[in-house]
Amino acid sequence: MTHMPSRAIVAADMNRDGRIDLVALSEVSGLDQKPMTAGVVIFWNDPAGWRAQMLPGSAGLFGDDVAVGEVNGDGVPDIAVGNLDGGRREFAWLSDGAGGWRAETDGLPELTLGWSVQLVDLDGDGSDDLLLGAGGPPSNENAGPRAYRWDGKRWRGLSQGLPQVSWVVGVAAADLYGDGAAEIIAAGMHTGVVHVYGRQADGAWSERHTLTVPNGEGLRNYKVRAVSDDALKQGLVVANYAGESGGKILAWTWQRE
C-alpha cells in the first residue's frame, strides 16, 4: 500500500466492482513525519494488488474520523471526513460521475474543527446528509452537533434548534424510537453527558433525552456510535472516554415502548 499514518479508515466498494476498497484520512504529522500529510486516500482493491489514489484538494488535511454514504444520488459512495484543520472547509468529497471525487465546500462553516463525522439521512428524503461533531470558538456559532443537506449546488443547514456549544466531539444518528426518523446523539468533550435530539414536524431539533456518564466530568469523549434493531425493538448507544488517570467505554440499551 503506502506509508500513511492514519487513525480513521472505512471499508466500502467505492467503484461498484464487487471488491471492498479502503478510504483513509491522515492523522496529524508528527515530528518524525513529513510536514505535508497525504490527506484523503482511496486504496483500490485491484486484482493485481492495492493501488493508492489521493483525492484532489485533500493534501495536508488530517483528522480522526471518516465516513462514506450516498449524498448526490448517483449510486457511487461519497466521502466525509472529520477535518481538524480549522483553516479549511473540506469536510466532504462528492462523486463527480466520472470516476472521481470533488470537494464541495459551499455552505460549510469556516474556522471549525470536525471531531467526528457521519453521512446519514436526517430529513427522510432518501439522500444522506452531513453530520458533524464540531468544535470552535463560541463567537463563530459553528460548533456543537451540526447537520447539512446537499441541494445539488451547495450545503444547506439542518441545525435549527441544535445548541451552539464550544466543543462537541462524538456524534451519531440512529432511529432509536422506531418512528422512521433518525435521532442525533451528541457527546460533549469533557461534560460527562450525552444528549439525544429529535427532529420535530417543523424541521427544528429538540432535546429528547440525556444520558449521564458516571464520574465522567473531566474525561474526554472520543467517539459515539449508535445502532437500531427493529426486530428487537431496541437501540444501542456506545461512547468511549479517556483521561489522564484512565478511561471507560459505556453502552446504553434503548428499549422502545
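Coordinates for the structure precede this section.
What you see is a predicted model; the values in this text were computed from it and never measured. (Residues numbered from 1 in each chain as written. Predicted model: local features only at pLDDT ≥ 70, side-chain atom pairs only at ≥ 80, totals over all residues. Heavy atoms only, no water.)

Counting 18 residues, the largest nonpolar core has Leu176, Ile185, Val194, Val224, Val237, Tyr241 and Trp252 as the members making the most contacts within it. Secondary structure elements with two or more residues in this core: β13 (168-174), β14 (183-188), β15 (193-199), β17 (220-229), β18 (234-243) and β19 (246-255). Dropping the residues within four chain positions of it, Tyr241 is found in contact with Ala187, Val193, Val194, Val213, Leu219, Arg220, Asn221, Gly247, Lys248 and Leu250. Judged by nonpolar contacts, the second largest core, of 16 residues, contains Ala12, Leu25, Leu55 and Val81. (Core = buried A, V, L, I, M, F, W, Y, C linked by side-chain atoms within 4.5 Å. Buried < 20%, exposed > 50% of the residue type's maximum accessible area, 1.4 Å probe, protein only. Helix = DSSP H or I, 4+ residues; strand = E, 2+ residues; numbered from the N terminus. Contact = heavy atoms within 4.5 Å.)

Here we take up the packing of aromatic side chains. All told, the structure shown has 3 aromatic pairs when counted by the stated rule. Look at Trp44 and Trp101: their rings are 6.0 Å apart centre to centre, the planes differ by 40°, and that puts the pair in the tilted class. Linking Trp44 in strand β3 (residues 40-46) with Trp101 in strand β8 (residues 101-103), this pair joins segments that are 57 residues apart in sequence. Relative accessible area serves as the criterion here: at 4%, Trp44 is assigned to the buried category. The buried category is assigned to Trp101, whose relative accessible area is 5%. For the pair Tyr177 and Trp254, a centre-to-centre distance of 5.4 Å together with 70° between the ring planes defines the contact as edge-to-face. Placement of the pair is Tyr177 in the loop between β13 and β14 and Trp254 in strand β19, with a sequence separation of 77 residues. According to the relative accessible area criterion, Trp254 is buried, its value standing at 10%. The ring of Tyr177 carries the charged tip of Arg208 above its face, separated from the ring centre by 3.5 Å. Sitting above the plane of the Trp115 ring, Arg220 keeps its charged end 4.7 Å from the centroid. (Phe/Tyr/Trp six-rings, centres within 6.5 Å; stacked < 30°, edge-to-face > 60°. Lys NZ or Arg CZ within 6 Å of the ring centre and 35° of its normal.)

Right, let's talk about the pairing of β18 for a bit. Relative to β18, β17 is paired through 9 bridges, and the arrangement is antiparallel. By the bridge assignment for β18, Val227 is matched with Leu236. Between β17 and the antiparallel strand that follows it, β18, lie 4 residues; Lys233 among them carries a positive phi value of about 55°. Sheet analysis places β18 next to β19, joined by 10 bridges and oriented antiparallel. Across the sheet, Gly243 pairs through a bridge with Gly246, a residue of β19. (Pairing = 2+ DSSP bridges.)

One can find Ser206 in strand β16 (residues 205-212). Residue classification places Ser206 among the partly exposed residues on the basis of a relative accessible area of 28%. For Ser206 and Leu162, which are 44 residues apart along the polypeptide, the C-alpha to C-alpha distance reads 6.8 Å. Aside from chain neighbours lying at most four places away, what touches Ser206 is Val196, Tyr197, Gly198 and Gln200. In terms of polar contacts, Ser206 uses its side chain to reach the side chain of Gln200, at 2.8 Å. (Polar contact = N/O pair within 3.5 Å; in protein donor to acceptor, adjacent residues only side chain to side chain.)

With that settled, the discussion passes to the sheet that holds strand β6 (residues 78-83). Read from one edge to the other, the open sheet built from 4 strands follows the order β5-β6-β7-β8, with strand pairing classed as antiparallel. Strands with a single pairing partner mark the edges of an open sheet, and in this sheet they are β5 (63-69) and β8. Within the sheet, the average angular offset between the axes of one strand and its neighbour, ignoring direction, is 20°. (Axes fitted to C-alpha atoms, helices over the stretch in contact; angles between N-to-C directions.)

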